[in-house]
Amino acid sequence: MADQAFVTLATNDSYAKGAMVLGQSLRRHKTSKKLAALVGPQVSEPCRSVLRRIFDEVRLVDVLDSRDAAHLALMKRPELGVTFTKLHCWTLTHYSKCVFMDADTLVLSNIDELFDREELSAAPDPGWPDCFNSGVFVYRPSVETYDKLLQYGTEEGTFDGGDQGLLNGFFGDWATADISKHLPFIYNLSSIAIYTYLPAFKRYGSNAKVVHFLGKTKPWSHGLEAKTKAISGGAHPSFLLDWWGLYSTSVMPMLQEEYGDQPFHTECVEEAVEESLASVAAALHLSPPPQQHEHQQHQQHQQASSEERKQKWEQGQADYMGTDSFDNIKTKLDTFLK
Ligand code: UDP
Ligand code: MN
């Protein structure tokens, strides 16, 4: 459908990479909808070129330059820069319905059925389930709604400092008014929930359709972080591997073409993948599947060797070609999940 679109936002090159991976994940799962990206003026020309190759439409939104209501609103509340930029998604009135997705989300299967929902449909936030998480939501572009949102933001502000607080204030009856506007959690599985309710993740995790890497550490920052940090950090490692897999196979080559001889941030892919593998292994060593507990002797042996291997991981001596190879870990992870 030409008048329906997935929409995302990137105000800098880091989030732009997230948007590229998101776009490729939607394409990979054969969406029939248009793809639109809103970009801020700081996004570099080569990154915009890559975005134009993936998205049907790349629109520059510059709240500071515009002489519209958003600019006025921003002068009164300068702290709401990115938030007011995100609200621009309501101005895409050449579409009748859209699904907004944060640049730090990744699509794991076709989700076109979301367009059957009405504004404002979203999934609960894991931190406070009577609020919706604003990383994935269905909405209807409308200049009238856009103006009301800006007015609301200027007068009432946002209780959490971001777009989620503003949108939950504005669509304040979401929690109670209409259950059809509650998207199942699998459409916005935040990495945090995996650790706060592990049994539920084990039960339902394989149904996930969208994973959301919310929080401070984003997939694209892993390659730049210390190994120990990555191991203890945020997202479920196998989703992290999915992200890096898509980035290295279907985004990096385009970035390389657009940048030519110019150097661009070569977050070392190998290092990031290694880190992801290390995270997988660390997670598995911490919670081995129950079938390994059958014989106590066997278990003790397992734990000892796990401990040994964990130490090796931490010293950066993982056996990536042998026991800790991607294939072995993936197989183990699959039995763990299914
Ligand atoms: N965003 C952006 N630039 C920024 C911060 C945020 O473009 O500097 C956009 C991007 O689409 C991002 C969304 O706003 O996914 C929401 O921010 P973020 O995902 O970092 O928040 P979280 O989901 O971690 O609460
Ligand atoms: Mn997010």
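Draft legend 1. Just the nonpolar core, in detail. Within the largest apolar cluster, 49 residues are counted, with the highest numbers of intra-cluster contacts made by Met20, Met101 and Ile111. In terms of nonpolar packing, the next biggest core, distinct from the first, is built from 31 residues, Val7, Val63, Phe137 and Tyr146 among them.

Draft legend 2. How the structure looks around the coordination of the manganese ion (ligand 2). The coordination sphere of the manganese ion (ligand 2) contains the protein donors Asp102 (OD), Asp104 (OD), Asp104 (OD) and His212 (NE2), at a distance range of 2.2 to 2.3 Å. For the manganese ion (ligand 2), all donor residues lie on one chain, and their spacing in sequence is D-x1-D-x107-H. A residue pair is termed long-range when its members are at least 10 positions apart, and Asp102 in the loop between β4 (97-101) and β5 (105-107) and His212 in strand β9 (residues 210-212) qualify at 110 residues. Like Asp102, the residue His212 is buried in the burial classification.

Draft legend 3. Representation of the layout of surface pockets in the model. A volume near 540 Å³ is recorded for the largest pocket. What lines the largest pocket is a set of 25 residues, and nearest its centre among them are Tyr15, Asp102, Asp104, Asp163 and Lys218. Looking at the lining of the largest pocket, the elements that each hand over two or more residues are β1 (4-10), α4 (81-87), β7 (132-139) and α6 (163-170). Here the residues of the lining of the largest pocket sort into nine nonpolar, ten polar and six charged.

Draft legend 4. Local environment of the sheet that holds β7. A sheet is described by the order of its strands in space; here six strands give the open sequence β3-β2-β1-β4-β7-β6, paired in mixed fashion. Strand pairing shows two members of the sheet lacking a second neighbour, β3 (57-60) and β6 (121-124), which therefore form its edges. Neighbour-to-neighbour, the strand axes of this sheet turn through a mean angle of 25 degrees, independent of strand direction. Looking at chain direction, strand β2 (residues 34-39) and β3 are connected through four bridges and run parallel.

Draft legend 5. Representation of the sheet that holds β5 within the structure. On the basis of which strands lie adjacent, the open sheet formed by three strands has the order β5-β9-β8 and mixed pairing. Each having just a single partner strand, β5 and β8 (189-190) make up the two edges of the open sheet. As paired strands, β5 and β9 are joined by three bridges and run antiparallel to one another. Within β9, the residue paired with Leu106 across the bridge is Val211.

Criteria and cut-off values
- Residues numbered from 1 in each chain as written.
- Chains lettered and ligands numbered in written order.
- Predicted model: local features only at pLDDT ≥ 70, side-chain atom pairs only at ≥ 80, totals over all residues.
- Heavy atoms only, no water.
- Core = buried A, V, L, I, M, F, W, Y, C linked by side-chain atoms within 4.5 Å.
- Buried < 20%, exposed > 50% of the residue type's maximum accessible area, 1.4 Å probe, protein only.
- Donors = N, O, S within 2.8 Å, 3.2 Å for Na, K, Ca; no water.
- Helix = DSSP H or I, 4+ residues; strand = E, 2+ residues; numbered from the N terminus.
- 1 Å grid on protein atoms, 1.4 Å probe; cavity = no way out; pocket = protein on both sides within 12 Å on 5 of 7 lines; lining within 4 Å.
- Points joined across faces, edges and corners; volume = space filled by probe spheres on them.
- Nonpolar A, V, L, I, M, F, W, Y, C, P; charged D, E, K, R; others polar.
- Pairing = 2+ DSSP bridges.
- Axes fitted to C-alpha atoms, helices over the stretch in contact; angles between N-to-C directions.

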